[in-house]
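# Topology and contacts: notes
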Amino acid sequence: MKAVNALILERMGSPVPLIPKLAKYLVEAGGKRVRPLVTIAAANMIGYSGEAHLKLAAAVEFIHTATLLHDDVVDESDLRRGRKPANLVWGNAPSVLVGDFLFARAFMLMVDAGSMAALKSLSQASSIIAEGEVRQLAVKGDIDATVGSYMEIIEAKTAALFASAAEVSAIVAGRPAEEIAALDTYGRELGLAFQLVDDALDYGGLAQALGKNTGDDFREGKVTLPVVLALQKGDDSEKRFWARVMSEGEQTDADFETALELLHKHEALKSTLATAEDKARTAQAALAIFPDNEWKTALNDLAEFVVQRAS
């Protein structure tokens, strides 16, 4: 990861001063670097001895960082990883354009890795992420959302990059198709668990630990799984409440507390986290075809960590 971080800093360079300044602001904000960690750990697990995985891991982080820059403009949140998002510091236009720059840098890194199959995997994931974000925007405030439609959105906007991050190491290592597929499954299920936990934590009063404002999803009218589950069990008056605060965007200061009460009443957060645990178990099961070593243990532990964030 030291090598990956050095590569990230190197490829952020530009003769246009605002680009490295803004990019560095977001990259240095930290974050768990979970996606590139998956790429590195998977490569070590299968015994890959080259260096292409370092470029691919850096590309994965650039793709993720670019989507964060764009998301902050769309979501209009005032906290990202515990600090002001870049668009509130420099403005929306620079954030969008530097996000584009990071996407371009990611594709240069993919080309440098020298694998058309890996390039195809990550470029396809980038396209799917964009589709997922647009789909989420299109259903904002939709209280008729289903569990199925929600899962499709998070599989696109979050799980696709996790899946690609996991499988590209096996691709550049020339491993068999079944191993590539197993790592794809591991990453996809891990990504689903990750997003499910994030969506539960948005109602969990853990803003400082999460690095985002608790209630952001609520204020933005995002109908995530906890809300979908509460809606399914709610009576007519409760559904009218959700319609007002989500669909119509009419919220008072007391509404978030009311939402929390309804989520706890119907055990919607508990059910969401139980689904996340199921996804994490499925991710771990996908690793069964690989021989036991410290890196397989690390990937299994990572799945545990993802769900334990909510405890």
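Here, the structure is the one placed above.
A few points on the structure. (Residues numbered from 1 in each chain as written. Predicted model: local features only at pLDDT ≥ 70, side-chain atom pairs only at ≥ 80, totals over all residues. Heavy atoms only, no water.)

### What about the overall build of the chain?
From N to C terminus, the chain includes 16 helices and 0 strands. In terms of overall size, the chain behaves like a compact globule, its C-alpha atoms giving a radius of gyration of 20 Å where 311 residues would be expected to give roughly 19 Å. In terms of its C-alpha atoms, the chain occupies a principal-axis envelope of roughly 60 × 50 × 30 Å. Taken over 311 residues, the chain has a buried fraction of 54%. For the chain, the proportion of contacts with a sequence separation of at least 24, taken over those separated by at least 6, is 75%. (Helix = DSSP H or I, 4+ residues; strand = E, 2+ residues; numbered from the N terminus. Rg over C-alpha atoms; globule rule 2.2 N^0.38 Å. Buried < 20%, exposed > 50% of the residue type's maximum accessible area, 1.4 Å probe, protein only. Contact = heavy atoms within 4.5 Å.)

### Looking at the packing of aromatic side chains
Tallied over the full model, the rule gives 4 aromatic pairs. On the numbers, 5.6 Å between centres and 55° between planes, the contact of Phe218 with Phe256 is tilted. Of this pair, Phe218 sits in helix α11 (residues 216-219) while Phe256 is found in helix α14 (residues 255-265), placing the two residues 38 residues apart along the sequence. Looking at Phe218, the relative accessible area reads 1%, which means it is buried. Their ring planes at 70° and their centres at 5.2 Å tell us that Phe241 and Trp242 sit as a pair that is edge-to-face. You'll find Phe241 and Trp242 in the same group, each marked buried. Pairwise contacts between aromatic rings join Tyr203, Phe218 and Phe256 into one cluster. (Phe/Tyr/Trp six-rings, centres within 6.5 Å; stacked < 30°, edge-to-face > 60°.)

### Some points on the layout of surface pockets
The calculated volume of the second largest pocket comes to roughly 220 Å³. Broken down by element, the residue count for the lining of the second largest pocket peaks at 7 residues, all from helix α7 (residues 116-138). Taken together, the residues of the lining of the second largest pocket sort by class into 5 nonpolar, 4 polar and 6 charged. (1 Å grid on protein atoms, 1.4 Å probe; cavity = no way out; pocket = protein on both sides within 12 Å on 5 of 7 lines; lining within 4 Å. Points joined across faces, edges and corners; volume = space filled by probe spheres on them. Nonpolar A, V, L, I, M, F, W, Y, C, P; charged D, E, K, R; others polar.)

### Describing the pattern of salt bridges
If charged atoms from side chains of opposite charge come close, those side chains can pair. Under the defined criterion, the tally for this structure stands at 15 salt bridges. Linking Arg11 and Asp112 is a salt bridge whose minimum nitrogen-to-oxygen distance equals 3.0 Å. With Arg11 in helix α1 (residues 2-11) and Asp112 in helix α6 (residues 92-113), this residue pair connects regions lying 101 residues apart in the sequence. As a salt-bridge pair, Glu155 and Arg188 come within 3.6 Å of each other at their nearest N and O atoms. Taken together, the positions of Glu155 in helix α8 (residues 147-172) and Arg188 in helix α9 (residues 177-201) put the pair 33 residues apart, joining distant regions of the chain. (Salt bridge = Lys/Arg side-chain N within 4 Å of Asp/Glu carboxyl O.)

### A look at helix α3 (residues 34-45)
Between its first and last C-alpha atoms α3 spans 16 Å; for 12 residues at 1.5 Å apiece the expected length is 16 Å, and the two agree. A large share of α3 lies buried, amounting to 10 of its 12 residues. The complete set of buried residues in α3 reads Val34, Arg35, Pro36, Val38, Thr39, Ile40, Ala41, Ala42, Ala43 and Met45. (Expected span 1.5 Å × (residues − 1).)

### Re the environment of Arg188
Residue class for Arg188 comes out partly exposed when judged on its relative accessible area of 23%. The spatial distance from the C-alpha of Arg188 to the C-alpha of Ala165 is 9.4 Å, given a sequence separation of 23 residues. Excluding anything up to four places from it in sequence, Arg188 contacts Glu155, Ala159, Ala160, Phe162 and Ala163.

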